[in-house]
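# Notes for the structure review
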Amino acid sequence: MWGGRFAEGPAAVMREINASIPFDKRLWAQDIRASKAHVAMLAAQAIVSPDDAKAISDGLDQIAEEYEANGVPVDLALEDIHMATEARLAELIGPTAGRLHTARSRNDQVATDFRIWVRDAIDAVEAGLIGLQRALLARAEENADAVMPGFTHLQSAQPVTLGHHLMAWFEMIRRDRGRFVDARARMNECPLGAAALAGTGFPIDRHATAKALGFDKPTDNSLDSVSDRDFAIDYLMAASQCALHLSRMSEEIVIWASQPFGFVALPDQWSTGSSIMPQKRNPDAVELVRGHAGRITGCLNALMMTMKGLPLAYSKDMQDDKPPVFEAHDLLALSIAAMTGMVESVTFRTDRMRALAESGFATATDLADWLVREAGLPFREAHHVTGRAVKRAEELGLTLAAVPLSDLQAIHASIDDRVFSVLTVDASVASRISHGGTAPAQVRARIAEAKEVLR
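Now for a look at the structure at hand. Keep in mind that this is a model prediction, so the values were computed, not measured. Along every chain, residues carry numbers that run from 1 in the direction the sequence is written. Restriction of local features to residues with pLDDT of at least 70 applies here, the model being predicted, together with a cutoff of 80 or more for giving and counting side-chain atom pairs; totals for whole chains, interfaces and linings are based on all residues. Note that water and hydrogens are dropped before the side-chain values are worked out from all heavy atoms of the structure.

Moving on, we get to the packing of helix α7 (residues 162-187) against helix α18 (residues 440-454). Axes here mean lines fitted to C-alpha atoms, for a helix over just the part in contact, with angles spanning 0 to 180 degrees between N-to-C directions. Only runs of H or I of at least four residues qualify as helices and only runs of E of at least two qualify as strands under DSSP, and these elements are numbered from the N terminus. It is the contact of α7 with α18, at a shortest axis distance of 10 Å, that shows an interaxial angle of 30°. Relative to α18, the element α7 lies roughly parallel. Between α7 and α18 lies a crossing whose hand is left-handed. Residue-level contacts link Gly163, His164, Met167, Phe170 and Arg177 of α7 to Val443, Arg446, Ile447, Ala450 and Leu454 of α18. Relative orientations are named as follows: roughly parallel for angles under 35 degrees, roughly antiparallel for angles over 145 degrees, roughly perpendicular for angles from 65 to 115 degrees, and oblique for any other angle. The handedness criterion is simple: a crossing whose near helix is rotated anticlockwise from the far helix by less than a right angle is left-handed, and one whose near helix is rotated clockwise is right-handed. The contact criterion used throughout is that any non-hydrogen atoms of two residues lie within 4.5 Å.

Written out as structure tokens, the structure is:
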């Protein structure tokens, strides 16, 4: 390719560091799609002849079939997927292949291919996250009434329902989907036709190629078109936040699967054993999801550091934009699939959850609220009275609901036997009827709304 300018070929090390074909071959489908749109536009604008355009398009179709069947051959001398495809096209149709690159540069070519790839990646992630949401909805509906401890500081706080907890995970994923949707909308402008950096003197129709490739419009500045990688960073930001949510979900499953908690029984297909301890059942799938979050956020940091000091327009540093995006996408897709499988098949030990909810004074706030409503105490005084009641329950080794009325009245005379109607965990969760609360009726309402949105 450089024969007109350089008398000698590149050194072996230069050839290796310069070549991106080992990883950018993943762009082959997007590259052929964009090339076909480009040559169709060139023919429509009478920049190339209809016969040449047809020969090029047919040749690209044949190359696509070859790549699909056998993969992309890696030849470092051809540097990247663009040159590899053009070289193969020349083998198939001869010098006419050289007309394909009229009015474009590899700079706008790769920017276009990469945008299409990231856009396709977002669509794949979106489908995976919808599957995870459906799994969460199904399990939440099964367990809308199942009582479990709610935690702050990983200390028993107030009783909630398992359905409510799973719907909290659903909300995390809902926001993740929103970030991917926002990123997709923002990136959906087509760089093709920006050429190297300044545009082109040929009478091209950038709106036509943008429309053919599913973009909303062409980009508006040729310099920015070839040097922008915000779309890749946006994707990695959304992927990182999603990975953090999956990691938090994984951490809870790891904790719940431990013997001290015993909230879940791990399914065989999503856990592993030990090479030395036959009794072990390890939550390796979700531990790896948790671990992948670090790698995905590392990919984001890597690309930001690559881009942080680059002047306009294109610099070769930007060749390193694709490996972190490819790596993050693969890890995220795997993490979503693993988490979906775990949610679908894990066994929730709701009996154990209820037992711990009943044993941790989780209805203390309900006692304080009762004192405010029924005895007219200011909340701060009710809080103090409740604290004394919890201390008495600890001394007796009882739950709050089991403390004798005489002991409660010794703490505050206004307490009567009506208080016991609010001290059970079932009464507690049923009372949380505010929008978004843990009451089973509220949980079912949120599930119904979510189902309708997904439908």
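It is worth spelling out the state of the cysteines at this point. Disulfides are covalent bonds that link the sulfur atoms of two cysteine residues. Sulfur atoms of two cysteines make up a disulfide when they are within 2.5 Å. For the structure shown, the criterion picks out 0 disulfides. Its sulfur unpaired, Cys242 is 14 Å from the next cysteine sulfur, which belongs to Cys299.

A cis geometry characterises the amide bond from Leu312 onward to Ala313, with omega recorded as 5°. Structurally, Ala313 can be placed in the loop between α11 (284-307) and α12 (322-345). Phi is positive for His153, close to 55°, though the residue is something other than glycine. The topology assignment puts His153 in the loop between β1 (147-152) and β2 (155-161). With a phi angle near 60°, Leu154 is a residue other than glycine that sits in the positive phi range. Within the element layout of this structure, Leu154 appears in the loop between β1 and β2. Classification of residues uses two cut-offs on accessible area relative to the type maximum, computed with a 1.4 Å probe and protein chains only: under 20% is buried, over 50% is exposed, and between them is partly exposed. Note on Leu154: relative accessible area 51%, which makes it exposed.

Attention shifts here to the environment of Val118. In this fold, Val118 is placed in helix α6 (residues 106-142). Residue classification places Val118 among the buried residues on the basis of a relative accessible area of 0%. Linking Val118 and Lys322, residues 204 residues apart in sequence, is a C-alpha distance of 9.8 Å. Once residues lying within four places of it in the same chain are set aside, the contact partners of Val118 are Met187, Phe231, Tyr235 and Val325.

A few words now on the nonpolar core. In terms of nonpolar packing, the biggest core is built from 96 residues, with Phe180, Tyr235, Leu246, Trp256 and Leu332 touching the most fellow members. Those residues in contact with Trp256 that lie beyond four places of it in its chain are Met148, Leu162, His165, Trp169, Phe261, Gly262, Phe263, Val264 and Phe348. Throughout this description, the term nonpolar core refers to a set of buried Ala, Val, Leu, Ile, Met, Phe, Trp, Tyr and Cys residues connected via side-chain atoms within 4.5 Å. Core analysis: the second largest hydrophobic core is formed by 20 residues, Ala368, Leu377, Ala382 and Val403 among them.

What follows covers the side chain of Ser227. Within the fold, Ser227 resides in helix α9 (residues 222-227). Here a polar contact is recorded for every N or O atom pair within 3.5 Å, except that within protein the pair must consist of a potential hydrogen donor and a potential acceptor, and residues adjacent in sequence are included only if both atoms are side-chain atoms. Polar side-chain contacts of Ser227 include one of 2.8 Å to the backbone oxygen of Leu223. Non-local contacts of Ser227, meaning those with residues more than four positions away in its chain, are made with Met307, Leu312, Ala313, Tyr314 and Met318.

Any two strands with at least two DSSP-identified bridges between them are counted as paired. Two elements, β1 and β2, share 5 bridges in a ladder whose sense is antiparallel. Of the residues in β2, the one forming a bridge with Thr152 is Gln155. Hairpin remark: β1 followed by β2, antiparallel, with 2 residues in the connecting loop; positive phi at His153, about 55°.

The subject of this paragraph is a nonpolar patch on the surface. Patch criteria: residues need more than 30% relative accessible area and no salt bridge. Like-charged residues are merged within 9 Å; nonpolar side chains of Val, Leu, Ile, Met, Phe, Trp and Tyr are merged within 5 Å. The accessible surface values rely on the Shrake-Rupley method and a 1.4 Å probe; as for residues, cover is taken only from the protein chains in view. Salt bridge, as applied in this entry: a Lys or Arg side-chain nitrogen positioned within 4 Å of an Asp or Glu carboxyl oxygen. On the surface, Leu197, Leu223 and Leu312 cluster together to form a nonpolar patch covering roughly 270 Å² of accessible area. Along the chain, Leu312 turns up in the loop between α11 and α12. The exposed category is assigned to Leu312, whose relative accessible area is 62%.

Glancing now at the pattern of salt bridges. By the definition in use, this model includes 32 salt bridges. As a salt-bridge pair, Asp80 and Arg106 come within 2.6 Å of each other at their nearest N and O atoms. Taken together, the positions of Asp80 in the loop between α4 (50-70) and α5 (81-93) and Arg106 in helix α6 put the pair 26 residues apart, joining distant regions of the chain. When sorted by exposure, Asp80 lands in the same class as Arg106, which is buried. In this structure, Glu142 engages Arg139 in a salt bridge whose closest nitrogen and oxygen atoms are separated by 3.0 Å. One end of the pair is Glu142 and the other is Arg139, both in helix α6 and 3 residues apart, which spans about a single turn. Overall, Glu142 belongs to the exposed group, its relative accessible area being 54%.

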